[in-house]
Amino acid sequence: MNRHDSVEERTFAALPPARGRGFAETWWGRAWLAALEDGALDGEQVRTGRRLARAGAVGSVSVRPGRVTAVVQDRDHTQHRADVLLDRLSDDQWDRLLDLAVERAGHVAALLDREMPPHLVEDAESAGIDLLPGLGDLEAQCDCGAWDHCGHTAAVCYQVARLLDQDPFVLLLLRGRAEQSLLDDLQARGSAARAEAEPLRTEGVDAAEAYAAGSILPPLPAVPELPPEPGAPSLDTDATPPAGVEPAALEILAARTAAAAHLLLAEALSEGAERRAPAARLTVGQDAVRLAEGVLDVPGAVDRPGEAVLGRLATGSGRSRAELAAAVRAWRHGGAAALSVLEEEWAVEGEALARARAALDSAWEEDERPVLRARGNRWTVVGAACQLRLGRDGRWWPYRKEGGRWMPAGDAAHDPATALAGARPDGEEALS
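In this text the structure is predicted, and so the values were computed from the model without any measurement. (Residues numbered from 1 in each chain as written. Predicted model: local features only at pLDDT ≥ 70, side-chain atom pairs only at ≥ 80, totals over all residues. Heavy atoms only, no water.)

Caption draft 1: The packing of aromatic side chains, seen in detail. As enumerated under the stated definition, the model contains three aromatic pairs in all. Ring geometry for Trp27 against Trp28: centres 5.9 Å apart, planes inclined by 90°, an arrangement best described as edge-to-face. Since its relative accessible area comes to 31%, Trp27 is described here as partly exposed. Its relative accessible area of 2% is what places Trp28 among the buried residues. Plain terms: the ring middles of Trp379 and Trp396 are 5.3 Å apart, the flat faces sit at 65° to each other, and that makes the pair edge-to-face. With Trp379 in strand E8 (residues 378-381) and Trp396 in strand E10 (residues 396-402), the pair connects residues that are 17 residues apart, well separated along the chain. The ring of Tyr399 has Arg389 sitting right over it, with the charged end atom 4.0 Å from the ring centre. (Phe/Tyr/Trp six-rings, centres within 6.5 Å; stacked < 30°, edge-to-face > 60°. Buried < 20%, exposed > 50% of the residue type's maximum accessible area, 1.4 Å probe, protein only. Helix = DSSP H or I, 4+ residues; strand = E, 2+ residues; numbered from the N terminus. Lys NZ or Arg CZ within 6 Å of the ring centre and 35° of its normal.)

Structure (C-alpha cells):
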C-alpha cells in the first residue's frame, strides 16, 4: 500500500477490486461496516456501494481528523466526491483514553502490531468514550445531492473497512490523533506511570521491622519455567482396571488434561495475562465431539484402542463413525457454533430471510452470481458440489460434497462470496 503521511492527514492509493472476497476480516473492521449497514436508511444504496467498491471504483482515500474523502466513479463513468464524517474525540476524552491504554500491559504492543485491543475498546466504552462508530455515527456528504448515504459514500465506507483491517491507526486518526503524536504521548505517560510506581528509597531499615522478620521468611521461589510440551500420561498396565473403566479411554483423557493444563500454565506465565471468562457449558453431544477431536490429536491414538474410544464416543452421542468424523471437522472450524450448522437445519424467516437474500444479492456481480437452490438455512450451488449454510448468528459457512456427504469446507464469513470461495475444489475458477 502506498501512503503519504503528514501530521494530520494520510492518503492511501486506490485498492484493487475485491471480487470474491469480503471487505472486513477483523472485528473492528466488521464493527465499522455494521455502523454503516445498520444505520443507513436505504439498504439498496448500501448494496450499490458494495458493488462499486468491489469493482474497484473508489479512487485514492484521504483520511484526516473527522473526515474521509475519495472520488468514486459510477458505472456511467461520472465521478463524484464522497465524504464520510465521524465525530472527533475531545481533548478530555483523549486524555482518558490514553490513560486507559497505558494501564494494561499489551495495549500499546497490540497497536504497534496493527491490532485493536478489544479490552481497550470495552474499557473506553465503560468510561463513556465510543472509539468505534455506532448506529448513525457515520455521516455522509456527496456532490450527487443525496441527503443520506448514497452508493458513493457507502463505497468509501467499504474501502475504509479494508484499510482498517490493515491499520487501526486509521480509525484513531479519524477520531482526531495522528499515529506518531499518539505514540509519543503513550510513551510519555508510560514513563510517568512507571516513575510513580517506584517506591521512594530511604536510607537504612527500621530496626524493629528487621528484628521481627529476621531470617524466618525465605525468599519467594522463582517463577517456574514452562515445560516444552505437556507431560505424557503413564498408566500402570499391571493393575487390573475396575469394571467399566477402559484404560485406553482413560489415557486419552489424561493426555487431553495434561495439554489443557500446559495451555493454562502458558497463559498464566505470559506477560499481562488476564483471567478469561469461563467457557459455556457443553452438551453431551458437543463434549463427545470435543473429546473425539482430542483422540485424533493424540499421536498414535488412532490405533485399535483409539478406534474403540471413537466408537464409544460415536455411540454415546447417537452418531455413526462417519457422522462423528464430520462433526470433528466442523468443530475444528468453529467449535459449538460450527457443529450446530452441520447438524441443525432450520427455517430462515422474516427479517433473517430478508437479510440473507440481501447479502446474497449484493455478494456477486450479475454475471458472476452462481445459481443457488435454497432449502431451510442451506443454499446449494446448482451444477457444483458446493453449498452455503447460514448460521443463526448471520455468518455463512462453506460446505462441499465429499463421498456423497456434505462436509464442512472452511471457516465462517459474513460475506457469502467469501465463504463460498472456501468451498470450491482446488483449481475450480468459477461456479455457475
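Caption draft 2: Representation of the sheet that holds strand E11 (residues 405-408) in the model. Strand order in the open sheet formed by five strands is E7-E8-E9-E10-E11, and the pairing between neighbours is antiparallel. Each edge of the open sheet carries a strand with a single partner, namely strand E7 (372-375) and E11. Shown here is a sheet whose adjacent strand axes are inclined to one another by a mean of 30°, direction ignored. With three bridges joining them, E8 and strand E9 (residues 386-390) adopt antiparallel strand pairing. (Pairing = 2+ DSSP bridges. Axes fitted to C-alpha atoms, helices over the stretch in contact; angles between N-to-C directions.)

Caption draft 3: Here's a closer look at the environment of Val348. Within the secondary structure, Val348 is located in the loop between helix H13 (321-343) and helix H14 (350-363). Owing to a relative accessible area of 9%, Val348 belongs among the buried residues under this scheme. Once residues lying within four places of it in the same chain are set aside, the contact partners of Val348 are Leu353, Gly376, Asn377, Trp379 and Leu390. (Contact = heavy atoms within 4.5 Å.)

Caption draft 4: Highlighting the pairing of E7. Pairing geometry for E7 and E8, over four bridges, is antiparallel. The residue bridging Arg375 from the neighbouring strand is Arg378, located in E8. The hairpin formed by E7 and E8 contains two residues between the paired strands, and Gly376 there has a positive phi angle of roughly 60°.

Caption draft 5: Spatial organisation of the environment of Ala34. Tracing the backbone shows Ala34 in helix H1 (residues 27-39). Note on Ala34: relative accessible area 29%, which makes it partly exposed. Separated by 99 residues in the primary sequence, Ala34 and Pro133 have C-alpha atoms spaced 8.8 Å apart.

Caption draft 6: Molecular detail of helix H2 (residues 43-54). Across its 12 residues, H2 extends 17 Å between first and last C-alpha, which sits within 8% of the 16 Å expected from 1.5 Å per residue. Buried residues of H2: Val46, Gly49, Arg50, Leu52, Ala53 and Arg54, and no others. Tucked into the core, H2 has its buried residues touching H1, strand E3 (58-64), strand E4 (67-73), helix H6 (151-166) and H14. The N-cap of H2, judged by a side-chain oxygen 3.0 Å from the amide nitrogen of Glu44 a few residues on, is Asp42. One or two steps after H2, the chain reaches Gly56, where phi turns positive at roughly 80°. (Expected span 1.5 Å × (residues − 1). Polar contact = N/O pair within 3.5 Å; in protein donor to acceptor, adjacent residues only side chain to side chain.)

Caption draft 7: Region of interest: unusual backbone geometry. One non-glycine residue, His77, lies in positive phi territory at about 75°. Summarising the element assignment, His77 is placed in the loop between E4 and strand E5 (79-85).

Caption draft 8: The arrangement of the packing of H1 against H6 in detail. One way to put it is that H1 packs onto H6 with a least axis distance of 8 Å and a crossing angle of 165°. If you check the angle between H1 and H6, you find them roughly antiparallel. Crossing of H1 over H6 shows right-handed handedness. Contact residues: Trp28, Gly29, Trp32, Leu33, Leu36 and Glu37 in H1; Ala154, Cys157, Tyr158, Val160, Ala161, Leu164 and Asp165 in H6. Residues of the contact of H1 with H6, tallied by class, amount to 10 nonpolar, one polar and two charged. (Parallel < 35°, antiparallel > 145°, perpendicular 65-115°, else oblique. Left-handed = near helix turned anticlockwise from the far one by under 90°. Nonpolar A, V, L, I, M, F, W, Y, C, P; charged D, E, K, R; others polar.)

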